[in-house]
Amino acid sequence: NTIVAMDRLPSREDFSDQSSSIPRRRRKVSFDDTVKAATIPSRFAYSNRIRTRLWSSSEDIYANAVRNEREYVYDGRNWRSAREEGDFLYCSSHSLSMEEELMH
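Residues numbered from 1 in each chain as written. Predicted model: local features only at pLDDT ≥ 70, side-chain atom pairs only at ≥ 80, totals over all residues. Heavy atoms only, no water.

A. Expanded view of the overall build of the chain. On a plain count of helices and strands, the chain comes out with three helices and two strands. Helices and strands in the chain line up, N terminus first, as α-α-α-β-β. Split by element, the accessible area of the chain, about 10,600 Å² in all, is 53% carbon and sulfur. (Helix = DSSP H or I, 4+ residues; strand = E, 2+ residues; numbered from the N terminus. Areas by Shrake-Rupley, 256 points an atom, 1.4 Å probe, with all protein chains shown as cover.)

B. Examining the packing of aromatic side chains more closely. Tallied over the entire structure, the rule returns one aromatic pair. Between Tyr-46 and Trp-55 the ring centres are 5.7 Å apart and the planes differ by 70°, which places this aromatic pair in the edge-to-face class. By relative accessible area, Tyr-46 is classed as partly exposed at 25%. (Phe/Tyr/Trp six-rings, centres within 6.5 Å; stacked < 30°, edge-to-face > 60°. Buried < 20%, exposed > 50% of the residue type's maximum accessible area, 1.4 Å probe, protein only.)

C. View of unusual backbone geometry. Of note in this structure, Arg-77 is not a glycine but carries a positive phi near 55°. Residue position: Arg-77 is located in the loop between helix H3 (58–74) and strand S1 (89–92).

D. How the structure looks around H3. The terminal C-alpha atoms of H3, which comprises 17 residues, lie 24 Å apart, in line with the 24 Å expected from a rise of 1.5 Å per residue. A positive backbone phi angle near 75° is found at Gly-76, which sits one or two residues after H3. (Expected span 1.5 Å × (residues − 1).)

E. The arrangement of the pattern of salt bridges in detail. Scanning the entire structure with this criterion turns up three salt bridges. Salt-bridge contacts for Arg-77 lead to Glu-69; the nearest nitrogen and oxygen are separated by 3.3 Å. Residue Glu-69 is classed as partly exposed on the basis of its relative accessible area, which comes to 37%. Across the pair Asp-75 and Arg-83 runs a salt bridge, and its minimum N-O distance is 3.8 Å. (Salt bridge = Lys/Arg side-chain N within 4 Å of Asp/Glu carboxyl O.)

F. Fine view of the confidence of the model for the chain. Averaged over every residue, the pLDDT of the chain is 77; residues scoring 70 or more account for 66%. Per-element mean pLDDT across the chain ranges from 60 in strand S2 (residues 100–103) up to 92 in helix H2 (residues 48–54). (pLDDT = per-residue confidence, 0-100.)

See below:
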């Protein structure tokens, strides 16, 4: 298992399952001389209805973070063994609640 220090971002080598003796191809980036530009409206240009569909509230972000942490713990704190949502089961969270929750 690879241990990644918390004071830096992980590099490709931290997650590589391949031997370092395999030569890697150099990747190249190029840009076209012709580009299309589009104006992106300010967030204030959208109605409240559209804004709520484009951006999450702080409450939603927090609830998602809590759910993600629970899922990560369930998967053994190993991103390689993490399950996709399609592999989850639907389960009612409370017998009196109509709300369903995805479960591993």
